[in-house]
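Report on the structure
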Amino acid sequence: MSKQIVKTIILILILLCIVTMYYYVSERVRREKYISTRETLTAKEVLENHFKFLKCKDEELVKMTLSNRHQNVVFNDKSEYEVVDIEITPNDELTFDYLHGIDVSEIISYNVNMVNLHNSDVYAMRYVLCKEHKDSPWLIYAWGVDF
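So, here is what we can say about the structure in this document. What you see is a predicted model; the values in this text were computed from it and never measured. (Residues numbered from 1 in each chain as written. Predicted model: local features only at pLDDT ≥ 70, side-chain atom pairs only at ≥ 80, totals over all residues. Heavy atoms only, no water.)

Bringing a nonpolar patch on the surface into the picture now. Residues Val-6, Ile-10, Leu-11, Ile-14, Leu-15 and Ile-18 make up a contiguous nonpolar surface patch of roughly 530 Å² in combined accessible area. Following the sequence through the fold, Val-6 ends up in helix α1 (residues 3-37). (Patch = residues over 30% accessible without salt bridge, like charges linked within 9 Å, V, L, I, M, F, W, Y side chains within 5 Å. Areas by Shrake-Rupley, 256 points an atom, 1.4 Å probe, with all protein chains shown as cover. Salt bridge = Lys/Arg side-chain N within 4 Å of Asp/Glu carboxyl O. Helix = DSSP H or I, 4+ residues; strand = E, 2+ residues; numbered from the N terminus.)

Turning our eyes to something else, we now look at the packing of aromatic side chains. Under the criterion given, the structure shown has two aromatic pairs. Ring centres 5.4 Å apart and planes at 75° place the aromatic pair Phe-51 and Tyr-127 in the edge-to-face group. Placement of Phe-51 in helix α2 (residues 43-55) and of Tyr-127 in strand β3 (residues 122-131) is noted, with a sequence separation of 76 residues between them. The residues Phe-51 and Tyr-127 share a single accessibility class, namely buried. With a centroid separation of 6.2 Å and an interplanar angle of 20°, the aromatic rings of Tyr-127 and Trp-143 are classed as stacked. Of the two residues, Tyr-127 sits in strand β3 while Trp-143 sits in strand β4 (residues 139-144), which places them 16 residues apart along the sequence. Taking relative accessible area as the criterion, Tyr-127 reaches 5% and is therefore assigned buried. The class for Trp-143 is partly exposed, based on a relative accessible area of 26%. Among the aromatic residues, those joined into a cluster by ring pairs are Phe-51, Tyr-127 and Trp-143. (Phe/Tyr/Trp six-rings, centres within 6.5 Å; stacked < 30°, edge-to-face > 60°. Buried < 20%, exposed > 50% of the residue type's maximum accessible area, 1.4 Å probe, protein only.)

We now examine the environment of Glu-59. Assignment of secondary structure puts Glu-59 in helix α3 (residues 59-64). Residue class for Glu-59 comes out partly exposed when judged on its relative accessible area of 40%. A C-alpha to C-alpha distance of 9.9 Å links Glu-59 and Val-73, two positions 14 residues apart in sequence.

As a further point, take α2. When the terminal C-alpha atoms of α2 are compared, their 19 Å separation across 13 residues agrees well with the 18 Å that a helix rising 1.5 Å per residue should span. Buried residues along α2 sit in contact with α1, α3, β1 (81-89), β2 (106-116), β3 and β4. Backbone geometry just after α2 places Lys-57 at a positive phi near 60°. (Expected span 1.5 Å × (residues − 1). Contact = heavy atoms within 4.5 Å.)

In this model, Lys-57 sits at a positive phi of 60°, which is unusual for a non-glycine residue. Residue placement: Lys-57 occurs in the loop between α2 and α3. Non-glycine residue Ser-120 carries a positive phi angle of around 65°. With respect to the element layout, Ser-120 can be found in the loop between β2 and β3. Ser-120 gets classed as exposed once you look at its relative accessible area, which sits at 55%.

Attention shifts here to the sheet that holds β2. One open sheet accounts for four strands, arranged β1-β2-β3-β4; its pairing is antiparallel. Looking at strand neighbours, the two that pair on one side only are β1 and β4, the edges of this open sheet. For this sheet, the mean inter-axis angle between neighbouring strands, taken without regard to orientation, is 30°. Two strands pair when backbone bridges link them, and β2 and β3 are joined in this way by 10 bridges, in the antiparallel orientation. Following the sheet pairing, Asn-111 is matched in β3 by Arg-126. Running over the sheet, α2 touches β1, β2, β3 and β4 and is turned about 40° from β2. (Pairing = 2+ DSSP bridges. Axes fitted to C-alpha atoms, helices over the stretch in contact; angles between N-to-C directions.)

Structure (structure tokens):
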């Protein structure tokens, strides 16, 4: 092989290493940033991050947005849906019977309007977020259509 080809191959390998390291470091920084700020996030920010993590297919961070009761949930590919808007739901509209037996200091509900990117259907789901105590992070406790 000529020296020029060897130099080119070495340069390509170095560039691949740099790109791989950049990706790894940026992912690690993103993770650490979320972990270090999660207690200060609003409920809406937790919900927005939840959808961002779903889109990135980052199951570890998705699970950090969920209450303990959902840690074994397996997520299908949610990247086919786009969040249109997130609107707060008045607490008097919550069906508290659904939340029976949960001991929390705060609870809030949001309607999330989404569009299916394959067929353009728009639909809404409700997400309920809770704080176990005043210093704990907001976590998604429940989600669904009719509750």
